[in-house]
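# Tertiary structure, described
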Amino acid sequence: MGWLFLKVLLAGVSFSGFLYPLVDFCISGKTRDRKPNFVIILADDMGWGDLGANWAETKDTANLDKMASEGMRFVDFHAAASTCSPSRASLLTGRLGLRNGVTHNFAVTSVGGLPLNETTLAEVLQQAGYITGMIGKWHLGHHGSYHPNFRGFDYYFGIPYSHDMGCTDTPGYNHPPCPACPQGDGPSSNLQRDCYTDVALPLYENLNIVEQPVNLSSLAQKYAEKATQFIQQASTSGRPFLLYVALAHMHVPLPVTQLPAAPRGRRLYGAGLREMDGLVGQIKDKVDHAAKENTFLWFTGDNGPWAEKCELAGSVGAFTGVWQARRGGSPAKQTTWEGGHRVPALAYWPGRVPVNVTSTALLSVLDIFPTVVALAQASLPQGRRFDGVDVSEVLFGRSQPGHRVLFHPNSGAAGEFGALQTVRLERYKAFYVTGGARACDGSIGPELQHKLPLIFNLEDDTAEAVPLERGGAEYQAVLPKVREVLADVLQDIANDNISSADYTQDPSVTPCCNPYQIACRCQAP
């Protein structure tokens, strides 16, 4: 009887999607009651083109290229927003900013953060028996109960916001460059735009600031050490674990320590890519050594490159947003052009995720939350709706389509923060607002509201250069569908249990380990 059952399974019959677990049980004698581990690695400001078209091998990302060849790479994967805080909030809640309340970035002096009535992925898995750890950039509130240790993470090591939001003694490369932290007891002054000289960047371990300012030159290695230690200790404990690693790379300033013998410019960014790739490689190696057969590793990015930073910004690849570029301004980070939203992504899980597969499914960072919750055999929080979906069928090679519709929220360029004025509908992309982001040359494209949206066919026009003619048959066929899905989601949000973030600012909540020292300077114990 048992052998006959196994033969049926091996013949390819899937009983409601449980083929893999049952085969594993019959072949190895091990049940799949053991919950999988999860490692989510999020790059910062990394361009889709930084890893080459379709994840072709590049000289700067050997470890990521290898991981892609051993897993599934995605070529139509999208951030949930095109700037830091909203993208991270959506990753950890599976909900767009209009639902979870986070529509723009939090500041060094922010009193609030991700609303406390929103449930994070870490909280869900913590309740399901997981050990949870977070390493890297948080940027969802650092004051009081908004700190990661109070949002479901048993362990936290990292910086509370972007690493350009505080001075350091090793400032790295920025455009324009920022000065190092002031020394001595003299008064500090912020004389340069977008530079912080009055407070140093802090490094936390759990609730304690262990270093201020952070040494950016050694931060990547510290992250690697803490991540590998967490994986080893969690694996030894016998409990399943979630590790969320939010990298500083490839956000500026670039803390490049080893430069190749080549002209300055792109070599700085390439060196940064190699440093990030090495960090990811160390984490993957530890996963392979300690928990390879039962750990799902997901790598992706928070948004596209920061074009304003010129040669220190990443590559958008073929997604150049030509329509916008011709009118001035950036079509990358902070915008809803493909360069701002389409990000590199891959899934790695030996024995579960197919090897060396390129998926064209339309997917989103929003999908991480419901997918991980389902694989962990946990339950989604009640009383709220989600914009992400469980994409396990895509990950395991059983399905390809993914989403039919994605909504890209305004994220700092044109339009109101969080508003849904860009719609991705299958191969089409409709814009109700354009402009507003600064390009490398300093230009900012004028904000334009489009009563009749610009609609691009991305299959024929990846560069988003020429919109469909408004009077043409293709445009007229797509427009009613765009209007319908947009009206539907707005009605759904109106009927949902939505949250409101507190964006109040107060200088007294600025992280500071020693207010008696200039720039809050202190040393690690």
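Residues numbered from 1 in each chain as written. Predicted model: local features only at pLDDT ≥ 70, side-chain atom pairs only at ≥ 80, totals over all residues. Heavy atoms only, no water.

### Brief notes about empty space enclosed by the protein
Inspection of the entire model under this criterion finds seven cavities of 30 Å³ or more. The calculated volume of the largest cavity comes to roughly 110 Å³. Contributing to the lining of the largest cavity are 13 residues, with Gly166, Cys167, Pro171, Cys178 and Pro253 lying nearest its centre. A class-by-class count of the residues in the lining of the largest cavity yields eight nonpolar, four polar and one charged. In this structure, the second largest cavity spans a volume of roughly 80 Å³. Considering the residues around the second largest cavity, the lining is formed by Gln334, Thr335, Thr336, Trp337, Asn410, Ser411, Ala413, Ala414, Phe431, Val433, Thr434 and Gly435. When its residues are assigned to classes, the lining of the second largest cavity shows five nonpolar, seven polar and no charged. (1 Å grid on protein atoms, 1.4 Å probe; cavity = no way out; pocket = protein on both sides within 12 Å on 5 of 7 lines; lining within 4 Å. Points joined across faces, edges and corners; volume = space filled by probe spheres on them. Nonpolar A, V, L, I, M, F, W, Y, C, P; charged D, E, K, R; others polar.)

### Notes on the sheet that holds strand β5 (residues 155–158)
The mixed open sheet is built from ten strands, whose spatial order is β7-β6-β5-β4-β8-β1-β9-β10-β2-β11. Whereas interior strands pair on both sides, the edge strands pair on one side only; in this sheet they are β7 (208–211) and β11 (357–359). Here the average twist between neighbouring strands, direction ignored, is 20°. Relative to β7, strand β6 (residues 203–205) runs antiparallel, the two sharing three bridges. Bridging from a neighbouring strand, Tyr204 pairs with Ile209 of β7. Sitting on the sheet, helix α3 (residues 62–69) is in contact with β2 (72–74), β9 (295–301) and β10 (345–348), with an inclination near 60° to β10. The strands touched by helix α4 (residues 84–93) are β1 (37–43) and β8 (241–246); relative to β8, the strand with the most contacts, the crossing angle is about 170°. (Pairing = 2+ DSSP bridges. Helix = DSSP H or I, 4+ residues; strand = E, 2+ residues; numbered from the N terminus. Axes fitted to C-alpha atoms, helices over the stretch in contact; angles between N-to-C directions. Contact = heavy atoms within 4.5 Å.)

### Some thoughts on the nonpolar core
In terms of nonpolar packing, the biggest core is built from 53 residues, with Ile41, Met46, Leu64, Leu243, Met276 and Phe299 touching the most fellow members. Ranked by residues supplied to this core, first place goes to helix α7 (residues 216–237) with nine residues. Residues Ile40, Phe77, Leu114 and Ala361 belong to the second largest nonpolar core, which totals 51 residues. (Core = buried A, V, L, I, M, F, W, Y, C linked by side-chain atoms within 4.5 Å. Buried < 20%, exposed > 50% of the residue type's maximum accessible area, 1.4 Å probe, protein only.)

### A look at α4
For α4, the buried fraction is high: ten of the ten residues fall into the buried class. By the burial criterion, the buried members of α4 are Cys84, Ser85, Pro86, Ser87, Arg88, Ala89, Ser90, Leu91, Leu92 and Thr93. Against β1, α5 (97–100), α6 (121–127), β8 and α11 (368–375) lie the buried residues of α4.

### Describing the confidence of the model for the protein
On average, the protein scores 90 in pLDDT, and the residues at 70 or more come to 88%. The low-confidence segment residues 1–32 (pLDDT under 50) makes 31 contacts with residues lying over four places distant or belonging to another chain. (pLDDT = per-residue confidence, 0-100.)

### What to know about the side chain of His403
With respect to the helices and strands, His403 occurs in the loop between α12 (392–395) and β13 (405–409). For His403, a relative accessible area of 13% puts it in the buried group. Discounting residues that sit within four places of it in the chain, His403 has contacts with Leu362, Leu363, Asp367, Asp387 and Val389.

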